[in-house]
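# Residue-level structure breakdown
Here are the chains, one letter per residue:
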2 protein chains.
Amino acid sequence: MISVEQALEQLFELVEPLESEAVALASAHGRTLAKPVSARRDQPPFPASAMDGYAIHKSDYQVGRTLKVIGEAAAGARFEYKIFEGEAVRIFTGAPVPTGADWIVIQEDIDAIGRQITIRETSETKSYIRPAGADFKTGQTLDAPQVLTPQLIALLASMNIANVSVTRQPEVAIISTGSELVMPGEIPSDDQIIASNTFGLKAMLQASGAKVRVLPIAHDTAPALRTAFALAQGADLILTIGGASVGDHDLVAGITQELGMQRSFYKVAMRPGKPLMAGKLGNAAMIGLPGNPVSAMVCGTIFVIPVVRAMLGLGMAPAPQRHAKLKTEMPINGPRAHYMRARIEDGIITPFERQDSALLTVLAEANALLLRPPHDPAKQAGEDVAFVPL
Amino acid sequence: MISVEQALEQLFELVEPLESEAVALASAHGRTLAKPVSARRDQPPFPASAMDGYAIHKSDYQVGRTLKVIGEAAAGARFEYKIFEGEAVRIFTGAPVPTGADWIVIQEDIDAIGRQITIRETSETKSYIRPAGADFKTGQTLDAPQVLTPQLIALLASMNIANVSVTRQPEVAIISTGSELVMPGEIPSDDQIIASNTFGLKAMLQASGAKVRVLPIAHDTAPALRTAFALAQGADLILTIGGASVGDHDLVAGITQELGMQRSFYKVAMRPGKPLMAGKLGNAAMIGLPGNPVSAMVCGTIFVIPVVRAMLGLGMAPAPQRHAKLKTEMPINGPRAHYMRARIEDGIITPFERQDSALLTVLAEANALLLRPPHDPAKQAGEDVAFVPL
């Protein structure tokens, strides 16, 4: 058995960042920017008014000064001529500031009579002019790789970027194995249960940026498994669920060996999730997840999402950890890392009493995996502990 | 001017939870469960083995006891007969426990010779049998409304739910207004800038569960705006961006009045985002967002996402707040609530120096809006402050 950290390290060796592809900016949210992007213009592209008011010479910004309004500058429609002392141009937020003007007097601070304004207030200390390039300048770059958030999408749009180069989405094929499984909506026999991991993992992996193909359930026969692996062709990552423990009916190890899998490891010192297997099958990485529902979802969080992120070019990092105060005391941990289903609220984390890896009801109420390293000493209530958010 | 809290209250009055629709479980991730769901079966549906080993009578669990192996129980293929003392059934994880057996001895703790096993170790204190219904029982319900996470999807699958009733996605039509705007990829004139809010808001609202229709940019003419509003027909929420301040060129207020909008409010005591307008236009709610890029995204976070969640039936709650320690001191706040772009790391929050509402580069680096209520007193470094995560 190897440690979680060793398992992750070996998993990262099985994959590499995928190639990039161009997508329209409108479809790029949540994708991973693959190459740095350079702004195609200054923003603002001209000195722009930050307020509605009048563009004037700063020397005219004096109480009682009366100025002649010689024109108007609106967003999208500049005033074309230079202005001189004693003159003002009506200006609106976002409009280019006319040549010659270096101050905006806001409309609340003037009295207007016909084509004349008189300055009533001079309490402002700033010009309300946004210099050209104040937000960014032509050629300024946005770094890659990073996941495109709504804010970055808005920034790229303002840089006049219509298409971006993003990492191709890793294609993950999911094979659920076991004669006991049927799909939701089917009528199971007395001995059967519903394939639940498939659906939970599909949702989880799609949210982390993968494309997911759900393959037919492979019952516990060699031909069924061979068919499933044949259908997985072309995937970047093949996930099997179940069939990875040591039972006589676990055929996955045998079939993958027959298909030429180079195994990296089998069994990790963790709870839940010990019977985790990984290797390289042709061009694809393969991860064999345990069949217990909670084990599969925990291994999805701790191993598969980091692997998907590595393929997206986002680096080879474990699931991000945070810290919280423990609600209740805990006894010493055994030799395996324990990922306890827990609830975090207002900085206080409470592990659930029932930690059986078959309990999806408990997992559904959890919003964190409380992390206990191997041989973690006993903890008192109030102590600081690490957790992985779900 | 009304407060942020009053504005939110009035916004919630403009909408109500939408009707529900059925979707396949495989497409339900991120959707809002509209009606409680009842489990269609027990899980496990039978007493099941939690380990690979042998099913026996507990009275036989004694060091040196030799038992006759009379058959095998695998996941999906039970052993059909009752077992008696002195007998054992080879059993695999997830398999139904045979009638008569009430203990699982794990395979590591026996010696097997032919059709006989001898118990070598009796250090276990639990049976390794999962009782029928230990996870959930037929009829046990999953509450609604709630957003379907990967864990809930897995749970619903195991309850044998193939289709779920979810709230219809609110349809949001976005109209960007202003003669200064062009779409990314176009060649702007000297006076023009790129429509960035449209793309940022589209991404933000899709992530919160809305369907988004991006309408053509409406330049600052009455006919252009009338066309845009006609194209927005059928939307549950119409968002305009820009054109909501007091400039002479802001036509939105006039056109919406002509179209019969019942205005709820205009102007909110906040920075950025003061010129926020809202009302009812036919059956649709309408929100007029300010045109400054940062203002539009902040108002999207503080107002529009809560409104989308209200339409999804998720309640009428403001954007969720958290707390952190302030990195630097801050002077007293003015009369308007201030949503400062800030960076939160390891529980320490640092507001950016540049808070101009035109700076998308600053917003893109922010991961939090530090919240300062109206007239918030000066704060020292290390004080506790509220923020809204981005």
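Refer to the structure presented above.
Read on for an overview of the structure.

About the thresholds
- Residues numbered from 1 in each chain as written.
- Chains lettered and ligands numbered in written order.
- Predicted model: local features only at pLDDT ≥ 70, side-chain atom pairs only at ≥ 80, totals over all residues.
- Heavy atoms only, no water.
- Helix = DSSP H or I, 4+ residues; strand = E, 2+ residues; numbered from the N terminus.
- Buried < 20%, exposed > 50% of the residue type's maximum accessible area, 1.4 Å probe, protein only.
- Least-squares fit on C-alpha atoms with pLDDT ≥ 70 in both.
- Contact = heavy atoms within 4.5 Å.
- Pairing = 2+ DSSP bridges.
- Axes fitted to C-alpha atoms, helices over the stretch in contact; angles between N-to-C directions.
- Parallel < 35°, antiparallel > 145°, perpendicular 65-115°, else oblique.
- Left-handed = near helix turned anticlockwise from the far one by under 90°.
- Nonpolar A, V, L, I, M, F, W, Y, C, P; charged D, E, K, R; others polar.

## Description of unusual backbone geometry
Here the residue pair A:Ala144 and A:Pro145 is connected by a cis peptide bond, since its omega of -5° sits within 30 degrees of zero. Within the secondary structure, A:Pro145 sits in the loop between strand S12 (141-142) and strand S13 (146-147). Positive phi is not limited to glycine here, since B:Asp346 has a value of about 50°. A positive phi angle, close to 60°, is found at B:His375, a residue other than glycine. By secondary structure assignment, the location of B:His375 is in the loop between strand S27 (368-372) and strand S28 (384-389). Here B:His375 falls in the exposed class, since its relative accessible area comes to 54%.

## A look at the relation of the copies chain B and chain A
Under the fitted operation, chain B is carried onto chain A by 0.0 Å of movement along the axis and a turn of 180°, and the coordinates agree to an RMSD of 0.0 Å. Accordingly, the operation relating the two chain copies is best matched by a two-fold axis. A share of 100% of the interface residues of chain B reappears at the interface of chain A, consistent with the copies meeting face to face through the same patch.

## Describing the pairing of strand S7 (residues 87-91) of chain B
Residue and element names in this part refer to chain B. In terms of burial, S7 is a largely internal element, five of the five residues being buried. Covered by surrounding structure in S7 are Glu87, Val89 and Ile91 together with Ala88 and Arg90, the residues of both alternating faces. Examined bridge by bridge, strand S5 (residues 53-56) and S7 share three bridges and lie antiparallel to one another. Residue Tyr54 lies in a different strand from S7, and its bridge partner there is Arg90.

## Considerations on the packing of helix H3 (residues 197-207) of chain A against helix H6 (residues 293-311) of chain A
Residues and elements named next belong to chain A. One way to put it is that H3 packs onto H6 with a least axis distance of 10 Å and a crossing angle of 25°. Judged by the inter-axis angle, H3 sits roughly parallel to H6. Here H3 runs over H6; the crossing is right-handed. Residues Asn197, Gly200, Leu201, Met204 and Leu205 of H3 touch H6, and the partners they reach there are Pro293, Ala296, Met297, Gly300, Thr301, Val304, Ile305 and Val308. When its residues are assigned to classes, the contact of H3 with H6 shows nine nonpolar, four polar and no charged.

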